[in-house]
4 protein chains.
Amino acid sequence: MTGTFGQLFQLSTFGESHGPAVGVILHGCPPRLAISEEEIQRDLDRRRPGQSKLVTQRKESDTIEILSGVFEGQTTGTALAMMVRNADQNSGAYDHLKDLYRPSHADWTYRAKYGIRDHRGGGRASVRETIGRVAAGAVARKLLATVADIEVLAWVSQVNTIDATIDSDTVTLEQVEADPTRCPDPEAAARMTTAIEKARSNGDSLGGVVTFVARNVPAGLGEPVFYKIDADLAKAMLCIPAAKGFEIGSGFAGTRLTGLTHNDPFVPGPDGQPEMATNNSGGVQGGITSGSTIIGRVAFKPTATISSEQDTVTTDNKATKLSAKGRHDPCVLPRAVPIVEAMALLVIADHWLRQQQTDVLPQL
Amino acid sequence: MTGTFGQLFQLSTFGESHGPAVGVILHGCPPRLAISEEEIQRDLDRRRPGQSKLVTQRKESDTIEILSGVFEGQTTGTALAMMVRNADQNSGAYDHLKDLYRPSHADWTYRAKYGIRDHRGGGRASVRETIGRVAAGAVARKLLATVADIEVLAWVSQVNTIDATIDSDTVTLEQVEADPTRCPDPEAAARMTTAIEKARSNGDSLGGVVTFVARNVPAGLGEPVFYKIDADLAKAMLCIPAAKGFEIGSGFAGTRLTGLTHNDPFVPGPDGQPEMATNNSGGVQGGITSGSTIIGRVAFKPTATISSEQDTVTTDNKATKLSAKGRHDPCVLPRAVPIVEAMALLVIADHWLRQQQTDVLPQL
Amino acid sequence: MTGTFGQLFQLSTFGESHGPAVGVILHGCPPRLAISEEEIQRDLDRRRPGQSKLVTQRKESDTIEILSGVFEGQTTGTALAMMVRNADQNSGAYDHLKDLYRPSHADWTYRAKYGIRDHRGGGRASVRETIGRVAAGAVARKLLATVADIEVLAWVSQVNTIDATIDSDTVTLEQVEADPTRCPDPEAAARMTTAIEKARSNGDSLGGVVTFVARNVPAGLGEPVFYKIDADLAKAMLCIPAAKGFEIGSGFAGTRLTGLTHNDPFVPGPDGQPEMATNNSGGVQGGITSGSTIIGRVAFKPTATISSEQDTVTTDNKATKLSAKGRHDPCVLPRAVPIVEAMALLVIADHWLRQQQTDVLPQL
Amino acid sequence: MTGTFGQLFQLSTFGESHGPAVGVILHGCPPRLAISEEEIQRDLDRRRPGQSKLVTQRKESDTIEILSGVFEGQTTGTALAMMVRNADQNSGAYDHLKDLYRPSHADWTYRAKYGIRDHRGGGRASVRETIGRVAAGAVARKLLATVADIEVLAWVSQVNTIDATIDSDTVTLEQVEADPTRCPDPEAAARMTTAIEKARSNGDSLGGVVTFVARNVPAGLGEPVFYKIDADLAKAMLCIPAAKGFEIGSGFAGTRLTGLTHNDPFVPGPDGQPEMATNNSGGVQGGITSGSTIIGRVAFKPTATISSEQDTVTTDNKATKLSAKGRHDPCVLPRAVPIVEAMALLVIADHWLRQQQTDVLPQL
């Protein structure tokens, strides 16, 4: 259990920023799912560097290769392995980081944990590791669309102090992808663009919030106690580099309401199942999906790598100054969107599969 | 993996609100740890109903019995089982809930998932399930104090719109326990008490925030990628009934800072290791502890059970009204404090044990 | 993962020979399975001490109590906990074992591992631990009978040098239970009885072999590579105290055949699926069930506890002599039969549930 | 848990016989272990096809590439990924197998499980999958030699009816590698060679037994109940293609002894710890290592693929005949030796790491 994610739809990633390759093994994908490298590449292209001026200019095509688990265009049910070769391994650009710790990076903590550190581009802590997750998430996306018409969508809802106004019930992928910020509120997106460009030119960086929804999720997914679906989503999201917070439904804001205003009243639904008049629960009650849309938010801190001068220490504990070079994102939010989607897809696919083994006896 | 928590310090709980008993099996506690039922009872007494006017008046002494794994006052290293008999099984009080779903409870979602529901007191979704966690957490507390002088402390930092002012570096257990609210800001505590009593008399309920710290945690605990210690804490906290959000360090507020103001500058530490001048990271960088105090916050929604009349539906999908009877907490925050501590203790104990198998080869 | 068995039908046991109780938590049993304490007690009664002169005379009724997970006679889908109180805790009978190690027992190895040892009746290494497994196995038996008409049956096929002749295709539970040896070959059973009684009176003990079958198991259960169903059965059986060997199908004897005589030819089956003319595979090919009956064999060593004098050492490494007192089985085989069945049932239930999540997409 | 092996030293393999590549991800290898591709290649070369006339002549150099987890010649502690490209993908040789099931292969069972089958060379069921295990085993070998001077060695002790005579206490790797059969009894090896060559020319195949030892394993490795080290070894060995049986120590033969002759008497050891005068236990008592050499045996059936004509059925359930073409091993035993070693190494490394988290408190 050292390095896997998920119980039935289970993945394991490998690779460092400046090693030969990054990739993923995915176990538990049901057999006979039609899947192509093109479908996977589509999500990877949304995550890849260099796609706009707002993100890192590292040159990577991030071309996926399926190594196993697909035969004649369909999954075989056995280990599905995928890999991307690292192309732009200009590791010399990191020589100035070898003997010091970048503030608020994983440099020091990796050194403290392992006693050894691959200093090139963050090594294993690099966001390049998420390529494997996004590839596996694309498989989950196809599975969930096939079996249950489930759709997962994320977008940038806040950058620094700029809050967007978005109708989470109606927003579409096309609207999200219409702007490089991945904020589907055009007015806010324009202000975010300006703010990000200004931060870059100032040698500074910005954080923000990604909101995600999962639509058409049937009621009943999730386990009581230790595998609540919102707990698994919380873990999934905090596993993304730079994530510092998670909330489901009303979240922290809901703590300022009272039971009378916060509870979601049930109303009779058209198909014999109850519906909820509001969705402060965010689609989850008692850790199990209610049939309402799942909605959650993920907080991302400002990028730790900035080109302005900062105080830090050398690996032999001497005070020094750092002005980071290399290519980095002044704001991770636009590229975080497909990663948040991938993590949500992986969690929901896992729980959807779990439910297949729960619901095997005749109804009372 | 259906029902366990933790990888090396691993527990599994059982029991329903109105069944014969609730309890826990704990695997992986190292042998030769001195532990007594009294030490475990101490934490359970902080969680138990009826301890003040602010919480549910259900009559339970919650007396722990160790069933296995302790021999002559020390752990044996094998399965440690503990149990509490349910005393106040007045399940007749729940008959009026049998044929309807309580809003924002797990009634409907359990029915959707399992096709069967123990309606008495929430069944498995009851907060009584956390007794096993708090008992296991007390063992973790003893272990961490013994091996590493680690201390975990939580308190109520917000109830509804009342925000407390607390110095997280200096606050003590005695200060937390000094007031039934478990808010160590006396002025805020007084206002919280008034607000909770008013909510109860109004048939309403309140939510809020619990803050926790873990002090003296060595640098290096946590795993990259999928077992980041903050991701495991997020999952742990969202596994608590009524929790709706989690943040580590600066969390959501930190998204409004910039890299320059958010990064924690390193300064040379006295023992040859770096220290951080600030702690926006909350003690975790790249998913691994930095040596700074871990600090996090957990959002709890207002209690779903309220005695005011609410709209809901019957199990055969007809509109109805509900005015809940039975004994419930008008505000779960005071009793959530020891549960938050337990979950943090369980996560840290797990990662501390993991690190023992990481750090086995000579330093370079 | 320190102490659980199974992935989806997952259990965890607790308890020592002379502690307050032994028991089990079972996660993953599907909801709405009708189950009663009587059905579980039936299997426990076949495992219990004192049932005949051939086994230990420890006085235990081994009465099961369901603590959670069953509501109004049906499983709820949540944690199913069961417990048996230890009645005959005459631990004084073990005082003479406190300061020495019994040969071929777990006394020394537990001391080496844990640095602490509950010497009373073997502590956690006692076969009383298997009560929880047999109870969980009874639930698996009910599940598999309900969903797939699967039947698991075991019997004693060898005691010491006495080999029984049994038709594994036709033997029934009634035939197995007809004799206290649980050997359904009456002639061999009579000789086994004599041999066991003679061993007891000689202060000696006997080993032997238990054979088990699983009938009506559908083709397709088991996973390639690391969760082959025969590999999981091997592990399950070696987890039984005193087990020293496992074989599936032709096993060790099959190594002396050649491919031409060992391969199982396919023949067209009546329902459009292939059948096999022979069953050297033991119902498993490539780790996955073939549709033929699963058949395997488990080797049990002679009981380590004997009343004859043996050489051993004290805990401070001095040579000494031991003549073991206390109540023990001169031959574990008759009581091993329900335990072997339980372990097979647990493995098959786990894999049956796994297959529900594999087979979710339309057939090609 | 669908596709991983081990708890702390945990691997996951991928790849099919005729896909692009086979490989492995290994989690949990401690950081700062010096390891090179050459050390890993050494074990792979013992496993690879074409190394002698006794094995398959498929042309594969099986050249390992480390993809991640090693930096400047040392492990980083993070995911260690390794891959071998398949070179000899002459999948046309398998066209005649597309529409039928090979007897005693996994063809039918994969079809029954997955509803789809990669018929080329056995697909995922191919023994090429074990490349990843042998590569990970080589890392375990280096770890165990480094931390504890543990040595694992296996050899062929039986082929068909030819039994070798070998002193398991003194046999060396050089003696095993001296003959292509990997049987270190030269007289038996010569007879085995003749028998294997005769079987090949007859279109037949042979099975046999591999014996393995693990020397210098400290007392105390293994867990009670469900992670007994011999149970984990049993599972590990039955996970090897064609394995049909496992025994530890005296195994099945020991069932014919009595307690008096089978028990291993303790004698005072020179270092204050007990030693055993005999080793019927095979180095394991109660599932935990005793300090004696671990010794076990694995039964391998005759290779299922033979070129003689056999009865079988087509995928549409018609009777047919098969004379298998393609390159296959007339006897898998010589190539099974490094695989058995790898599986033993993986299990022992896992338990050695586990023990580091058990033994953390001061001795009494």
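Above: the structure in question.
A quick note: this is a predicted structure, and the numbers were derived from the prediction, not measured. (Residues numbered from 1 in each chain as written. Chains lettered and ligands numbered in written order. Predicted model: local features only at pLDDT ≥ 70, side-chain atom pairs only at ≥ 80, totals over all residues. Heavy atoms only, no water.)

## With respect to the interface of chain A and chain D
The interface is formed by 45 residues belonging to chain A together with 45 residues belonging to chain D. Both faces combined, the contact of chain A with chain D buries some 3,500 Å², and carbon together with sulfur accounts for 59% of it. The three residues of chain A that bury the most area against chain D are Phe71, Tyr114 and Ile116 of chain A, which together make up 18% of that side's buried surface. The interface formed by chain A and chain D includes two salt bridges. Salt-bridge contacts for Glu65 of chain A lead to Arg85 of chain D; the nearest nitrogen and oxygen are separated by 2.9 Å. (Contact = heavy atoms within 4.5 Å. Buried area = accessible area lost by both parts, 1.4 Å probe. Salt bridge = Lys/Arg side-chain N within 4 Å of Asp/Glu carboxyl O.)

## Comments concerning the pattern of salt bridges
Counted according to the given criterion, the structure contains 108 salt bridges over all chains. Residue Arg46 of chain B is joined to Glu341 of chain B by a salt bridge in which the shortest nitrogen-to-oxygen separation is 2.9 Å. Taken together, the residues span a long stretch of sequence, with Arg46 of chain B in helix α1 (residues 37–47) and Glu341 of chain B in helix α9 (residues 333–358) at a distance of 295 residues. Like Arg46 of chain B, the residue Glu341 of chain B is buried in the burial classification. The closest approach of N and O atoms between Asp45 of chain D and Arg48 of chain D, which form a salt bridge, is 3.9 Å. Taking the relative accessible area as the measure of exposure, Arg48 of chain D reaches 26% and is therefore partly exposed. Bridged by salt links that share partners, the residues Asp43, Arg46, Arg141, Glu177, Arg182 and Glu341 of chain A form one connected network. (Helix = DSSP H or I, 4+ residues; strand = E, 2+ residues; numbered from the N terminus. Buried < 20%, exposed > 50% of the residue type's maximum accessible area, 1.4 Å probe, protein only.)

## A short note on the relation of the copies chain B and chain A
Screw-axis analysis of chain B against chain A gives a translation of 0.0 Å along the axis, an RMSD of 0.0 Å, and a rotation angle of 180°. Both chain copies can therefore be described as sitting about a two-fold axis. When you check the interface residues of chain B against chain A, 99% turn up at the interface there too, and the contact is symmetric in its surfaces. (Least-squares fit on C-alpha atoms with pLDDT ≥ 70 in both.)

## As for the sheet that holds strand β8 (residues 151–159) of chain C
In space, the 10 strands of this open sheet follow the order β9(C)-β8(C)-β10(C)-β16(C)-β11(C)-β11(D)-β16(D)-β10(D)-β8(D)-β9(D), with antiparallel pairing throughout. Of all the strands in the sheet, just β9 (162–163) of chain C together with β9 (162–163) of chain D have a single pairing partner and so form its edges. Direction of pairing for strand β8 (residues 151–159) of chain D relative to strand β10 (residues 208–215) of chain D: antiparallel, over a ladder of eight bridges. Paired with Trp155 of chain D across the bridge in β10 of chain D is Thr211 of chain D. Helix-sheet contacts for helix α6 (residues 229–238) of chain D involve β11 (243–248) of chain C together with β10, β11 (243–248) and β16 (294–300) of chain D, and the interaxial angle to β11 of chain D is about 160°. (Pairing = 2+ DSSP bridges. Axes fitted to C-alpha atoms, helices over the stretch in contact; angles between N-to-C directions.)

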